[in-house]
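# Inside the fold
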Amino acid sequence: MTESRAEANDEKIVVRVRDLHFSRSGRAIFDGIDIDVARGKITAIMGPSGTGKTTLLKLIGGQLRPEAGTIHIEGENVHALSRRRLYKLRRKMSLLFQSGALLTDISVFDNVAFPLREHTRLPESMIRSLVLTKLEAVGLRGASALMPSELSGGMSRRVALARAIALDPMLVMYDEPFAGQDPISMGVLLELISKLNRALGMTSIIVSHDINETAAIADFIYLLANGKVVASGTPQQLKVSKSAWADQFMHGLPDGPVPFHFPAQPYDKELLDAQS
Amino acid sequence: MLNLEAVRTLSARAMASLGHSALNFFERLGRGHLLLLQILFGLPAALLRPNLIIAQIYAVGVLSLLIILVSGLFVGMVLGLQGYNTLVDFGAEESLGTVVALTLVRELGPVVAALLFAGRAGSALTAEIGLMKTTEQLSAMEMMAVDPVKRVLIPRFLAGFFSLPLLAAIFSAMGVMGGYFVGVGLLGVDEGAYWSQMQAKVVFNEDVANGIIKSIVFGFVAVWIAIFEGYDAPPTSEGVSRATTRTVVHTSLAVLGLDFILTALMFGG
């Protein structure tokens, strides 16, 4: 009975991160974090700059290797997979890069068609229909002939989103999807992410600083700081949380557990040293 | 006493710096060979997609044609002029065709074509791959389950490998024509002697074949260095800039060094 309940619970979890440790240049980025991403939900990973949110996405995607701990996707240990099986798993997921990362030497149409042409043997007419469907979903069917250099930042990200969903992945990871967007583009992206998640039954992970926008569509939020998960819960729970971390981050307070200043020796000492 | 201490500190720093540079050199050498292994293992799959290779042959080979044609012509003209001025003192100006052709097919064709290739196509390959890395295009491919080594690097590797021997041959042919224009057209060397001496003295199995082998080796090394430098470049504008410079410098040194070794093996006696 307990086992079947655990299995049922496992089926609800798409990404399971356990005791993850990762460091870069001797600095600990993650110091034993646990995260569960529920199926069909939008999970947000938030935290101050430099807490390793993008690094976490690269670890989940298998582009980086942790020093300790495990990441399971659909029950498969990402870092124990062979290269072939990792690539097979990646066909079921996609990552929307902060920059869009469109291939600059081919058109918008060819960018969206790229994963379809690489992974399927569909006839060109079918690929054309699928690409136009995806571009229609992000409102850029009319821009299919443009080159990436002719797109605005918001349009690039929408094309990247169309490419990310070209193979109908079960998991989509968004890296700072709202950064540098004007209010209209931000609203469009918010609606798209929410709509796609519902309509296509996908699971989404959003890494973002934008508290209000992310909280509006996220089902669950993890707050990262100092290499640990310092708070987690639904957006409503975190907004009224008594945790100092959650309070500072959710309300954008300048000082609190997350210091404004990067660690340094005392200010007066450094000034005096400079004079002497 | 103080000076001795300072000398010791400086020596220790110099040794540490030397050790760091040596470690860095061997690390890069190791990464370069690992990438080469990945490329060689991925060759069969890449050959199944000839359209990708053909597109790169256009970018790497066809677009380098102009500089090869013009340079080949001028180098041949200079050879014709210098060769004539030397040979005429000995009454041997009829041998001009042989001198021009042997110089080109044995040495200048493969070497100068490889140096021009490094400057024109090698630097472009490094910059392109480095920028793809900087703008996360290679990472995006990996996340789309597309191996960038197979999709991006191998077609460029094969294109460079196939193109350089052809470019070197075209360079030599243009050089022979340049020598002809100056020697026969301007300086009055007998046309029949120019071609017949060349035909009689240039041996395909020795001179031309060795030149082809040289250009194949140079092509392999030049494109390997260009691709590795791009793929290994730090993802910053400065990183790509330095990688591009390194491609030209390292390829030039490698080509000249290998040329001596190959020449010694082929014609050393």
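All figures in this text were calculated on a predicted structure; none of them were measured in a lab.

The next point concerns the overall build of chain B. What chain B contains, in helices and strands, is nine helices and zero strands. Secondary structure elements of chain B, listed N to C terminal, follow the sequence α-α-α-α-α-α-α-α-α. Dimensions along the principal axes, computed over C-alpha positions, put chain B at roughly 70 × 65 × 35 Å. By residue count, 44% of the 269 residues in chain B fall in the buried class. Nonlocal contacts in chain B, meaning residues at least 24 apart in sequence, comprise 83% of its contacts between residues at least 6 apart.

Within a sheet, adjacent strands bond to each other through the backbone by hydrogen bonds, running parallel or antiparallel. Residues and elements named next belong to chain A. Here four strands make up an open sheet; going across it, the order is 2-1-4-5 and the pairing antiparallel. Here the strands that pair on one side only, and so sit at the sheet edges, are strand 2 (27–38) and strand 5 (76–77). As paired elements, strand 1 (residues 13–24) and strand 4 (residues 68–73) share five bridges and run antiparallel to each other. Its bridge partner being in strand 4, V17 is matched across the sheet by I71.

Each side of the interface is counted separately: chain B has 16 residues, and chain A has 21 residues. For the pairing of chain B and chain A, the buried interface totals around 1,700 Å² over both sides, and the portion due to carbon and sulfur atoms is 56%. At the boundary of chain B with chain A, the tally comes to four salt bridges. Taking the shortest distance from any N to any O, the salt bridge between R83 of chain A and D147 of chain B comes out at 3.3 Å. Linking chain B with chain A are ten residue pairs in polar contact (both at pLDDT 80 or more), by the criterion used here. At the level of elements, helix 5 (137–143) and helix 6 (148–186) of chain B are the ones that each hand at least two residues to the side of chain B that touches chain A. For the side of chain B that touches chain A, the element with the most residues is helix 5 of chain B, which contributes six residues.

Moving on, we get to unusual backbone geometry. Residues and elements named next belong to chain A. Although it is not a glycine, D19 adopts a positive phi angle of roughly 50°. Here D19 is to be found in strand 1. With a phi angle near 50°, D168 is a residue other than glycine that sits in the positive phi range. Inspection of the secondary structure assignment puts D168 in the loop between helix 6 (153–164) and strand 7 (171–175). On the basis of relative accessible area, D168 is assigned to the partly exposed category, the value being 47%.

Residues and elements named next belong to chain A. One pass over the full model with this rule turns up 25 salt bridges over all chains. Salt-bridge contacts for D31 lead to K228; the nearest nitrogen and oxygen are separated by 3.5 Å. Pair noted here: D31 is in strand 2 and K228 is in strand 10 (residues 228–233), with a separation of 197 residues, a long-range link. D31 sits in the partly exposed class, given a relative accessible area of 34%. Here R117 and E124 are joined by a salt bridge, their closest N and O atoms 2.5 Å apart. Relative accessible area serves as the criterion here: at 34%, R117 is assigned to the partly exposed category.

Turning our attention to the nonpolar core. Soluble, globular proteins show a tendency: their nonpolar side chains are buried together. Formed by 93 residues in total, the largest nonpolar core has its most connected members in V15, F30, I35, L56, I73, M173 and I205 of chain A. The leading source of residues in this core is helix 4 (residues 96–134) of chain B, at 15 residues. What I205 of chain A contacts, discounting residues up to four positions off in sequence, is V15, V37, T43, I45, L57, I60, L171, V172, M173 and Y174 of chain A. Grouped together as the second largest cluster of nonpolar side chains are 45 residues, F109, V159, V172 and A215 of chain A included.

Moving on to the packing of aromatic side chains. All names here are of chain B. Counted by the stated rule, this structure contains eleven aromatic pairs over all chains. The interplanar angle of 10° and the centroid separation of 6.3 Å between the aromatic rings of F157 and F161 together place this pair among those described as stacked. Here the residue F157 and the residue F161 both occupy positions in helix 6, the gap between them amounting to four residues, near one helical turn. Residue F161 is classed as partly exposed on the basis of its relative accessible area, which comes to 24%. When the ring of F157 is compared with that of F220, the centres are 5.6 Å apart and the planes differ by 85°; the resulting orientation is edge-to-face.

Looking now at the confidence of the model for chain B. Chain-level statistics for chain B give a pLDDT mean of 93 and a share of 99% at 70 or above. Overall fold confidence (pTM) sits at 0.85, and the ipTM for the predicted complex is 0.82.

So, on to the pairing of strand 8 (residues 203–208) of chain A. Residue and element names in this part refer to chain A. With six of six residues buried, strand 8 is to be regarded as a mostly interior element. Of the two faces of strand 8, the one carrying T203, I205 and V207 and the one carrying S204, I206 and S208 are both buried. Relative to strand 8, strand 3 (residues 42–46) is paired through five bridges, and the arrangement is parallel. Bridge pairing in strand 8 places M46 opposite S208. Sheet analysis places strand 7 next to strand 8, joined by five bridges and oriented parallel. Bridged to M173 within strand 8 is I205. This β-α-β element, strand 7 to helix 7 (residues 183–199) to strand 8, shows right-handed connectivity.

Now for the sheet that holds strand 7 of chain A. Residues and elements named next belong to chain A. Strand order in the open sheet formed by six strands is 6-7-8-3-9-10, with mixed pairing between adjacent strands. Looking at which strands have only one partner, the edges of the open sheet turn out to be strand 6 (93–96) and strand 10. Sheet twist, expressed as the mean angle between neighbouring strand axes with direction ignored, is 15°. Relative to strand 10, strand 9 (residues 220–225) runs antiparallel, the two being bridged by five bridges.

All names here are of chain A. For N197, the position within the fold is in helix 7. Given a relative accessible area of 4%, N197 falls into the buried group. Ignoring anything within four residues of it in the chain, the contact list for N197 reads G40, K41, I42, M202, T203 and S204.

Our focus in this paragraph is the packing of helix 4 of chain B against helix 6 of chain B. Interhelical geometry of helix 4 of chain B versus helix 6 of chain B gives an angle of 145° and a closest axis separation of 7 Å. Helix 4 of chain B and helix 6 of chain B meet at a crossing whose hand is right-handed.

How each quantity is defined
- Residues numbered from 1 in each chain as written.
- Chains lettered and ligands numbered in written order.
- Predicted model: local features only at pLDDT ≥ 70, side-chain atom pairs only at ≥ 80, totals over all residues.
- Heavy atoms only, no water.
- Helix = DSSP H or I, 4+ residues; strand = E, 2+ residues; numbered from the N terminus.
- Buried < 20%, exposed > 50% of the residue type's maximum accessible area, 1.4 Å probe, protein only.
- Contact = heavy atoms within 4.5 Å.
- Pairing = 2+ DSSP bridges.
- Buried area = accessible area lost by both parts, 1.4 Å probe.
- Salt bridge = Lys/Arg side-chain N within 4 Å of Asp/Glu carboxyl O.
- Polar contact = N/O pair within 3.5 Å; in protein donor to acceptor, adjacent residues only side chain to side chain.
- Core = buried A, V, L, I, M, F, W, Y, C linked by side-chain atoms within 4.5 Å.
- Phe/Tyr/Trp six-rings, centres within 6.5 Å; stacked < 30°, edge-to-face > 60°.
- pLDDT = per-residue confidence, 0-100.
- Right-handed = clockwise from strand over helix to strand, strands pointing away.
- Axes fitted to C-alpha atoms, helices over the stretch in contact; angles between N-to-C directions.
- Left-handed = near helix turned anticlockwise from the far one by under 90°.

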